[in-house]
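Remarks on the overall topology
As a plain string of letters, each chain reads:
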Amino acid sequence: MSTADRETVTGIPPGIAAAREELTPMLSQYAELCADHEDALVLFQVGDFYEAFCEAAEAVARVCEVTLTERSDSTGDYPMAGIPIDNAASYLESLLDAGYRVAVGDQVEDAEAASGLVDRAVTEVITPGTVVEDDLLESGTTNYVAAVTHESEAPADVDPGPGPTLGLAAVDVATGECLVTAGEPGTVAEELDRIAPAEVIVGPGLAGGDATCDGPERGSTESEPAPVEFDPAAGDPDRTVHDHDPAAFERSAAVDRLESYVPVPERRFDGDAELRAAGAVLAYAEYTQGGDGPLAYVSRIRRYDPRDRLRLDAAAQRSLELFENRGIGASDTLFDALDSTNCALGRRCLERWLRRPLVDAAEIASRHDAVGELADRTLVREGIADALATAYDLERLVGRVSRGRADARDLRSLYATLAVVPELKATLAEGEGGRRSGGEVSGAEGSGAGGPETLPRTDHLRALRDRLDELEEVRELIDAAIATDPPQEITEGGVIREGFDDDLDALRATEREGREWVADLEARERERTGIDSLSVGHNQVHGYYIEVTDANLDRVPDDYRRRQTLKNSERYYTPALKEREEEIVGAAERADALEYELFADVRDRVAAETERIQALADALAELDALASLAAVAVAHDYVRPEVVDDPDAGIEIEGGRHPVVERTEDAFVPNDADLPRGSIAVITGPNMSGKSTYMRAVALAVVLAQTGSFVPAQAARLPVFSRLFTRVGASDDIAGGQSTFMREMSELTEILHDAGPDSLVLLDEVGRGTATTDGRAIARAAAEFVHDELGATALFATHYHDLTDLAAERERAFNLHFTATREDGEVTFLHRVVPGASSSSYGVEVAELAGVPAAVVERSRELVAETEAGAGAPLGPGRTDDEIAPDRGTDPDAEDVSLREFLAEEEADDLPAIEPADDPAAGDEADPDVDADPVTDADSGTGSTADAAGDVPPSVAAELRDLDLARTTPIEALNALYDLQNRLEDDDD
Ligand SMILES: Nc1ncnc2c1ncn2[C@@H]1O[C@H](COP(=O)(O)OP(=O)(O)OP(=O)(O)O)[C@@H](O)[C@H]1O
């Protein structure tokens with residue numbers, strides 16, 4: 001949608017503005033609502049429809065695919081389009097998807113009771129980040145709107161530091177959760193990516209907002225801070241970003257507003273930017289909910305420091321496929337693999353945990369304790385799952401209750417959810433058999449020799465059980481008041497249970513007796529008149545009537561009064577019937593009104609317990625998330641990691657697996673990882689051999705462990721990292737306007753700036769996005785920097801073989817590689833990591849596997865062979881030495897050997913034997929002594945050079961001696977040997 005389009009349909013549509021002076025009262029009312037909501041498309045209730053007019057109508061017709069009609073009145077013809085109110089959700093969704101904010105102008109008085117024009121008001125502004133309608137929200141997800149602003153001025157006594165401080169506040173309007181933090185722009189960008197808001201409003205002076213969808217005009221502000229470059233949509237181009245009323249960002253306005261939510265806001269928030277962001281986001285949330293004042297259910301305003309959680313930026317979340325699948329390897333995400341939750345509360349909690357893994361070893365251990373206990377106690381875990389499967393989304397329900405939007409069904413859902421709490425508490429304390437750690441099944445709990453066991457066993461679960469507030473009064477109130485299967489409509493009766501209110505019962509009794517009297521009337525009148533065909537009926541217009549066919553009119557008694565004449569009959573009423581009717585109608589109307597009053601009162605009484613209900617929702621959510629982690633651990637054979645609170649501890653994983661890939665591979669090959677703190681593992685191996693999967697599996701084990709989950713491995717001993725960085729894969733960022741290489745480099749820059757000894761860094765093929773020489777140089781320099789300067793623990797997968805030399809040169813660098821076998825010309829990847837470096841990528845074979853035409857594959861092989869023989873035409877800069885594999889022929893007896901060993905054997909047949917610098921036989925680190933003499937002696941019997949070994953000319957010997965093998969790639973060595981050999985042959989001639 002272009003800016004111009006949006007401008008003509010938000011605020012007053014030009015067609016209406018042009019006729020403003022002469023509009024009918026109704027369209028004037030529409031114009032006023034539009035004028036008050038310049039940033040939104042106004043939908044205006046007319047009976048059962050929401051209508052829009054003129055340019056706005058054209059947009060609604062186009063986006064919602066509804067018919068464009070016309071409203072004609074004495075002042076002119078106006079295009080009009082409407083959507084049915086009963087079925088509005090899908091249309092609203094289309095409008096939101098098209099980028100509109102929608103102001104809902106409802107009739108706020110009873111149309112029948114109104115004298116003249118019905119009163120209308122905007123009851124809600126629906127925006128992507130503030131929708132609260134269940135129909136428009138995905139179940140079990142969070143939907144945040146965020147506000148970002150910057151420090152208007154640094155306090156005089158505080159060093160302003162190297163850059164601006166930004167404040168970030170986000171609120172989930174459906175559940176009332178509110179998060180507030182601050183930091184330099186990089187940190188705030190990272191936090192925005194974690195919170196992943198659907199919509200962001202930016203404060204004045206922040207560049208990057210979409211000024212075209214401004215709310216009210218920018219007014220004067222207390223302070224006019226210097227503009228700061230910050231793009232809130234950098235991590236997600238789909239995020240809606242716009243400015244909002246600058247006055248809402250002013251400090252004094254923010255403090256005033258926040259006072260309705262928290263005591264002494266100035267003390268609660270850390271600095272000006274946080275305070276102003278929090279004030280603004282709440283102002284915006286209130287505005288979208290109709291602007292009737294504070295949102296009472298936003299009571300959980302949490303201020304946090306990003307450093308209190310494992311920091312994962314958008315690149316890391318993306319490349320590790322935590323929440324979003326990028327189609328690499330498997331179709332699921334880590335979250336999918338981990339999500340065995342039973343209700344929306346738990347799902348949201350698990351997502352929150354995974355977005356913010358812990359960094360406190362004790363907290364992590366405490367979660368592991370709870371997961372371990374639930375993994376052991378199978379029946380308890382299953383009992384929890386069964387109970388929670390019937391729980392509704394308490395957070396959203398209580399939000400609706402508090403906003404006064406809940407209907408009777410919502411209250412019944414709330415009741416049903418509260419009803420599981422006593423059951424859950426009992427389940428947690430139940431002593432019963434279950435799976436113990438290590439897999440054995442225990443006997444009956446609590447019956448051991450040590451006497452009755454206290455259950456739950458762990459402090460974590462005990463504390464959680466104590467937080468399960470049964471809210472008995474609320475439960476009893478709802479059960480006593482609300483009908484068990486109430487209608488959705490709350491103004492038409494049937495929502496309050498009999499026995500709850502005497503007056504209501506009396507009215508309903510009157511109504512019932514009246515109806516019974518009418519029901520018996522037909523029989524009584526037939527008997528009285530002798531007219532067998534006489535009938536009693538009711539319709540909306542005339543009410544009750546007695547109908548007599550024309551043939552029997554002569555028998556109609558005197559007290560019958562004519563009401564209506566039909567073709568073959570007459571309809572009558574009697575004074576007694578009329579009296580009864582008035583009684584019935586009066587009682588029903590008063591009963592309906594009383595029911596609504598009673599219902600609203602019950603809803604208010606429930607709303608008064610919002611905080612307790614939210615606290616219960618938190619506890620249920622955590623219990624579900626823990627039970628889910630335990631269920632996954634049991635189902636997929638995860639192990640409790642030992643988490644070591646020692647800054648020098650490294651990663652030790654035995655038999656580690658990738659939690660997502662292992663579910664799609666029939667035979668996933670587990671691998672070990674032993675990465676001392678501050679070490680860098682250079683990982684080489686053929687394409688498709690498993691390098692990326694391995695690196696990710698290591699990182700995911702760290703993420704899982706710090707989330708509180710067990711990990712897919714036989715055993716794991718892990719440190720606590722503060723930050724996780726990735727530079728994995730080269731994906732085009734066309735939407736972001738960056739080239740692949742540019743993006744690669746900017747991600748690398750972040751890592752090189754911010755990583756430290758507390759970081760885990762994954763680098764996958766850094767440098768491959770540019771010319772080989774440059775790419776190789778960058779890769780090398782980056783690896784050295786990570787090792788020497790940052791001291792981060794790193795895994796570096798590469799096809800640049802020179803990088804394996806790092807192992808010889810740096811104390812904490814070592815090589816790992818992946819193995820393959822070849823049988824009948826076919827390469828089989830073993831997916832097994834072994835120490836040392838490999839020397840080939842099997843690129844041609846992978847191309848063949850991928851279906852590259854045979855002619856191209858064959859030609860590739862020829863070129864590879866030519867180049868390896870040192871005689872071929874150069875292949876150009878796009879090809880690296882290590883990507884060039886010789887045509888290795890077939891070996892039917894191939895065994896499970898490392899690729900390097902395999903190549904060494906094959907090359908010995910027809911080439912001068914080369915012992916590459918990084919022979920895996922040398923162990924974890926390439927041995928410089930082995931590297932120093934790559935040319936085998938005469939015993940290797942590989943051709944004419946052996947014969948000449950006895951009398952090597954001094955020039956050849958000198959050249960050989962001067963070869964710097966630590967810096968020579970295998971192919972360069974091969975070429976050098978070829979030269980030297982030629983010179984020896986020339987000498988022989
Ligand atoms: N340990 C494993 N066990 C079984 N299959 C695996 C294993 N590791 C990887 N695979 C399979 O091999 C495929 C390729 O793995 P991966 O992408 O990790 O290779 P790579 O060496 O990084 O390749 P490239 O160098 O081309 O990027 C995966 O999609 C997965 O299906």
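Residues numbered from 1 in each chain as written. Predicted model: local features only at pLDDT ≥ 70, side-chain atom pairs only at ≥ 80, totals over all residues. Heavy atoms only, no water.

Following the criterion strictly, the structure yields 7 aromatic pairs and no others. Their ring planes at 35 degrees and their centres at 6.0 Å tell us that Tyr-284 and Tyr-287 sit as a pair that is tilted. Remark: Tyr-287 and Tyr-284 occur in helix 9 (residues 272-288); sequence separation between them is 3 residues, near one turn of the helix. Here Tyr-284 falls in the buried class, since its relative accessible area comes to 0%. With centroids separated by 5.7 Å and ring planes inclined at 70 degrees, the aromatic side chains of Tyr-694 and Phe-818 adopt a geometry described as edge-to-face. Of the two residues, Tyr-694 sits in helix 23 (residues 691-707) while Phe-818 sits in strand 28 (residues 813-823), which places them 124 residues apart along the sequence. Take Tyr-694 and Phe-818: they sit in the same class, and that class is buried. Ring pairing ties together the aromatic residues Tyr-30, Phe-44 and Phe-53, which thus form one cluster. Here the guanidinium or amino end of Arg-355 rests over the ring plane of Phe-323, the centre of that ring lying 3.9 Å away. Of note, Arg-524 hangs over the ring of Trp-517, and the distance from its end group to the ring centre comes to 4.8 Å. (Phe/Tyr/Trp six-rings, centres within 6.5 Å; stacked < 30°, edge-to-face > 60°. Helix = DSSP H or I, 4+ residues; strand = E, 2+ residues; numbered from the N terminus. Buried < 20%, exposed > 50% of the residue type's maximum accessible area, 1.4 Å probe, protein only. Lys NZ or Arg CZ within 6 Å of the ring centre and 35° of its normal.)

Moving on, we come to the site of the ligand. Lining the immediate environment of the ligand, one finds 17 residues, of which Glu-665, Val-669, Lys-691, Ser-692 and Thr-693 sit closest. At 3.0 Å, a backbone N or O of Gly-690 approaches an oxygen atom of the ligand. In terms of residue count, the dominant contributor to the shell around the ligand is helix 23 (3 residues). Tallied by class, the residues present in the shell around the ligand amount to 6 nonpolar, 8 polar and 3 charged. (Near = heavy atom within 4 Å. Polar contact = N/O pair within 3.5 Å; in protein donor to acceptor, adjacent residues only side chain to side chain. Nonpolar A, V, L, I, M, F, W, Y, C, P; charged D, E, K, R; others polar.)

To continue, consider the pairing of strand 9 (residues 177-183). Two faces, one strand: in a regular strand the side chains alternate between the faces of the sheet. Of all 7 residues in strand 9, 7 are buried; the element is thus mostly enclosed. One ladder, built from 7 bridges, connects strand 8 (residues 166-172) with strand 9; its direction is antiparallel. Following the sheet pairing, Leu-168 is matched in strand 9 by Thr-181. The antiparallel pairing of strand 8 with strand 9 creates a hairpin that spans 4 residues between the two strands, and Gly-176 there sits at a positive phi of about 85 degrees. Where strand 9 and strand 14 (residues 300-303) come together, 4 bridges link them in parallel fashion. Residue pairing across strands places Glu-177 opposite Arg-300, the latter belonging to strand 14. (Pairing = 2+ DSSP bridges.)

What follows is about the confidence of the model for the protein. Confidence in the prediction of the protein, expressed as mean pLDDT, is 81, and 80% of residues score 70 or more. Every residue in residues 209-223 is under pLDDT 50, and counting partners more than four places away or in other chains gives 37 contacts. Within the model, pLDDT remains below 50 along residues 731-737, and this stretch shows 7 contacts once partners closer than five positions in the same chain are excluded. (pLDDT = per-residue confidence, 0-100. Contact = heavy atoms within 4.5 Å.)

To continue, consider the sheet that holds strand 2 (residues 49-53). On the basis of which strands lie adjacent, the open sheet formed by 6 strands has the order 3-4-2-1-5-6 and mixed pairing. Of all the strands in the sheet, the pair left with one neighbour each is strand 3 (69-73) and strand 6 (120-126). Sheet twist, expressed as the mean angle between neighbouring strand axes with direction ignored, is 35 degrees. Across 6 bridges, strand 5 (residues 102-107) lies against strand 6 in antiparallel orientation. Across the sheet, the residue bridging to Gly-105 is Val-122, located in strand 6. Most of the contacts of helix 4 (residues 54-64) go to strand 4 (residues 76-84), to which it runs at about 35 degrees, and overall it touches strand 1 (41-46), strand 2 and strand 4. (Axes fitted to C-alpha atoms, helices over the stretch in contact; angles between N-to-C directions.)

All right, on to the side chain of Glu-581 then. Within the element layout of this structure, Glu-581 appears in helix 21 (residues 575-607). A residue is classified by how much of its surface remains accessible, and Glu-581, at 12% relative accessible area, is buried. Setting aside residues no more than four positions away along its own chain, Glu-581 makes contact with His-542, Gly-543, Tyr-544 and Arg-563.

According to the stated counting rule, one finds 57 salt bridges in the structure shown. Salt-bridge contacts for Arg-405 lead to Glu-124; the nearest nitrogen and oxygen are separated by 3.2 Å. You can see Arg-405 sitting in the loop between helix 15 (394-403) and helix 16 (408-418) and its partner Glu-124 sitting in strand 6, a full 281 residues away along the chain. Between Arg-780 and Glu-784 there is a salt bridge, and its shortest N-O distance comes to 2.9 Å. Of this pair, Arg-780 and Glu-784 are both found in helix 25 (residues 772-790), 4 residues apart, which corresponds to roughly one turn of the helix. When salt bridges that share partners are traced, they join Arg-300, Arg-348, Asp-393, Glu-395, Arg-396 and Asp-618 into one network. (Salt bridge = Lys/Arg side-chain N within 4 Å of Asp/Glu carboxyl O.)

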